[in-house]
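Chain by chain, the residues run as shown.
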Amino acid sequence: MKPAPFHYHAPTSTGEAVELLAEFGDRGRVLAGGQSLFQLMNFRVVKPENLIDINPVTELDYIRSDNGTLAIGARTRQSTLERSREAAEWATLMVEAVKNVAHPSVRNRGTVGGSVAYADPASELPAVVLAMDGELVLTRGQGQRTLAAADFFRGPYTNACSADELLTEVRLPPWPSGTGHAFLEFQRKHGSYALMGTAVLVHLDGDSIDRVAISLCGVDETPVRAHKAEELLTGNASSEEVFEEAAEAAAPELKPLPDPKGSPEYRRKLAKVYIRRALELAVRRAKGER
Amino acid sequence: MSHRRRISVVVNGSRHESEVEARKYLAEFLREDLGLVGTHIGCEHGVCGACTVLMDGASVRSCLVLAVQANEAEILTVEGLARDGQMHPLQEAFWEKQGLQCGYCTPGMLVRAYELLREDPDPTAEEVREGMSNNLCRCTGYQYIVEAVLDGAERMRNA
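Residues numbered from 1 in each chain as written. Chains lettered and ligands numbered in written order. Predicted model: local features only at pLDDT ≥ 70, side-chain atom pairs only at ≥ 80, totals over all residues.

(A) Broad picture of the domain arrangement of chain A. Residue and element names in this part refer to chain A. We note that the domain assignment places domain 1 (7-53), domain 2 (58-172) and domain 3 (180-286) within chain A. Distance from the C-alpha centre of domain 2 to the C-alpha centre of domain 3: 21 Å. Taken together, the contacts link 20 residues of domain 2 with 20 residues of domain 3. At the level of elements, α5 (92-98), α8 (124-131) and β8 (153-155) are the ones that each hand at least two residues to the side of domain 2 that touches domain 3. With six residues, α8 is the single largest residue contributor to the side of domain 2 that touches domain 3. Each residue belonging to the side of domain 2 that touches domain 3 can be placed in one class, and the counts come to 13 nonpolar, five polar and two charged. (Domains from an automatic or database assignment. Contact = placed C-beta atoms within 7 Å. Helix = DSSP H or I, 4+ residues; strand = E, 2+ residues; numbered from the N terminus. Nonpolar A, V, L, I, M, F, W, Y, C, P; charged D, E, K, R; others polar.)

(B) The arrangement of the packing of helix α2 (residues 89-96) of chain B against helix α3 (residues 106-119) of chain B in detail. All names here are of chain B. Viewed as axis vectors pointing N to C, α2 and α3 meet at an angle of 130°, and their least axial separation amounts to 10 Å. The angle between α2 and α3 places the two elements in the oblique class. The element α2 and its partner α3 pack so that their crossing is right-handed. Within the contact between the two elements, α2 uses L90, Q91 and F94 and α3 uses T106, L110, A113 and Y114. (Axes fitted to C-alpha atoms, helices over the stretch in contact; angles between N-to-C directions. Parallel < 35°, antiparallel > 145°, perpendicular 65-115°, else oblique. Left-handed = near helix turned anticlockwise from the far one by under 90°.)

(C) Main features of α8 of chain A. Residue and element names in this part refer to chain A. Of all the eight residues making up α8, eight are buried; the element is thus mostly covered by neighbouring parts of the structure. What α8 keeps buried is the set E124, L125, P126, A127, V128, V129, L130 and A131. Positioned one or two residues after α8, D133 has a phi angle of 55°, which is positive. (Buried ≥ 20, exposed ≤ 12 C-beta atoms within 10 Å, placed from the backbone.)

(D) Representation of the domain arrangement of chain B. Residue and element names in this part refer to chain B. Here chain B is partitioned into domain 1 (4-80) and domain 2 (89-158). Between domain 1 and domain 2, the C-alpha centre-to-centre distance is 22 Å. Residue-level contacts link 13 residues of domain 1 with 11 residues of domain 2. Broken down by element, the side of domain 1 that touches domain 2 gets its largest block of residues, three residues, from strand β3 (residues 52-55). In terms of residue class, the side of domain 1 that touches domain 2 is made up of six nonpolar, seven polar and no charged.

(E) Representation of helix α4 (residues 125-132) of chain B. Residues and elements named next belong to chain B. Listing the buried residues of α4 in full gives V128, G131 and M132. Viewed along the axis of α4, the buried residues span an arc of 90°, placing them on a single side of the element. Considering only its buried residues, α4 is in contact with α3 and α5 (142-158). (Arc of directions from axis to C-beta.)

(F) Expanded view of the interface of chain B and chain A. Facing the 25 residues of chain B at the interface are 23 residues of chain A. The element best represented in the side of chain B that touches chain A is strand β4 (residues 58-61) of chain B, accounting for four residues. Residues that form the side of chain B that touches chain A fall into these classes: seven nonpolar, 10 polar and eight charged.

(G) Examining the pairing of strand β2 (residues 28-31) of chain A more closely. All names here are of chain A. Inspection of the sheet shows β2 paired to strand β3 (residues 50-53) by four bridges, in the parallel sense. Bridge pairing in β3 links V30 to I52. Where the polypeptide runs from β2 across helix α2 (residues 37-42) and back to β3, its parallel neighbour, the crossover connection is right-handed. (Pairing = 2+ DSSP bridges. Right-handed = clockwise from strand over helix to strand, strands pointing away.)

(H) Structural context of the pairing of strand β12 (residues 194-205) of chain A. Residue and element names in this part refer to chain A. Counted residue by residue, β12 has nine buried out of 12 residues, so it is predominantly covered. Where strand β11 (residues 180-187) and β12 come together, eight bridges link them in antiparallel fashion. The residue of β12 that forms the bridge with L184 is T198. Linkage of β11 to β12, two consecutive antiparallel strands, is achieved through a turn of six residues, within which G191 is found at a positive phi near 95°. As defined by bridge partners, β12 adjoins strand β13 (residues 208-217) across nine bridges and the pair is classed as antiparallel. Among the inter-strand pairings, L201 is bridged to a residue of β13, identified as A213. The loop that links β12 with its antiparallel partner β13 comprises two residues; one of these, G206, has a positive phi angle of about 65°.

(I) Fine view of the sheet that holds strand β5 (residues 69-73) of chain A. Residue and element names in this part refer to chain A. The strand order β4-β5-β10-β6-β7 describes an open sheet built from five strands, whose pairing is antiparallel. In the strand order of this sheet, the two ends are held by β4 (63-66) and β7 (143-148), each with one partner. Between one strand axis and the next, the sheet turns through 25° on average, direction left out of account. As paired strands, β5 and strand β10 (residues 166-172) are joined by four bridges and run antiparallel to one another. Paired with G73 across the bridge in β10 is E169. On top of the sheet, helix α1 (residues 14-24) reaches β6 (135-140) and β10; it is set at about 125° to β10, its chief contact.

(J) Focus on the packing of α2 of chain B against α5 of chain B. Residues and elements named next belong to chain B. At a minimum axis separation of 8 Å, α2 and α5 run at an interaxial angle of 140°. With respect to each other, α2 and α5 are oriented oblique. Where α2 crosses over α5, the handedness of that crossing is right-handed. Across from P89, L90, E92, A93 and F94 in α2, the residues of α5 making contact are A148, D151, G152, R155 and M156. Looking at side-chain class alone, the contact of α2 with α5 contains six nonpolar, one polar and three charged residues.

(K) Quick peek at the sheet that holds strand β14 (residues 224-225) of chain A. Residues and elements named next belong to chain A. Reading across the sheet, the four strands line up as β11-β12-β13-β14 and stay open at both edges, with antiparallel pairing between neighbours. In this open sheet, the two edge strands, each paired with only one partner strand, are β11 and β14. The pairing of β13 with β14 spans two bridges and is classified as antiparallel. Opposite S215, over in β14, you have R225 as the bridge partner. Each of β11, β12, β13 and β14 is contacted by α8, which is oriented at about 150° to β13, the strand it contacts most.

In structure tokens, the structure reads:
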């Protein structure tokens, strides 16, 4: 047994879960799929005194669309998202991205809410939530609040939840039909952690780009939007030159953390290439080409 | 403050009632409490897949699931593949195609292959590679493992 001893709690409803969170505060930790938390506990990087297991909270296992806004319960398994028809219709980008999260056995257990709340700066799903201007529903004993993705990710592995709040739902507003999407990332080996990745949505009016969102993971302390590149593209005719220009404009803004797998310079260079490729793919899809 | 709980788990068709410490992983419970040492423990942090078992029909890393979380679940381990002393067609295929060298990763490989072929009984070699990238083989015998899974798929289709 590798983790330090802990008290195990298995609430079966959101209400019970947030009661426990209120009771334990900083001495409690939410356990979702456990695919990241157990790693940290096995190395004793994290030693929670109370583990609040939300796996039995099955009321948070759902994917539904509400006027096109896709609502994903926090306890929904990543493998459920991967196979969801609703998600394929309303958030194809999310489905494309989740296939890059580790391996099938990990996605069978890992949850959408867990991945978002964990806020790993290199992680795929937070980048998609940010690209889609998603919202996060945080629940506590006294009620709920909804935060924009841009306000939720606060730093590496740090989110805006207070100790008594539980992330209960991820909401992804719809993009118009005909939107092209692309999620691309660079991994040493399929299923490994990405050195960097990018999520792109593009909507065309004729041949010109009337709406675009680009976000990146693995290039800063949180997932980030490439605002400069988005501004540069909006209103422009889509062409290889303008994609190149946008990618060029995005790269210097990025502040990758140095780590042994790739220097900041290398990651910036990757970002440039991947933004361009993702734009090309998203535009091809927006035009209905394969 | 070691916290213990009673659990009831169905493993390979037999129900087991047991009291376990909360921090004990499913892999450790299977090996130490039930003596089912076919499930191997490799990296103990979810990377290698040696400890892969099916939990309610879906493959999981049993080093990243607590035994208490398997309460009321159905588990299938490598020991549950053979029937009446007859190897499962996948096991026969791994044997004949030399889909193992040291054998350490094999239980996880077999369980993952079993899930993969349940979802797609007739995968291409490329799909097998992609699907089996879930698990690591430190002998790097992937070529034969892929051939064994393809051969096993054929045996299962013809069974």
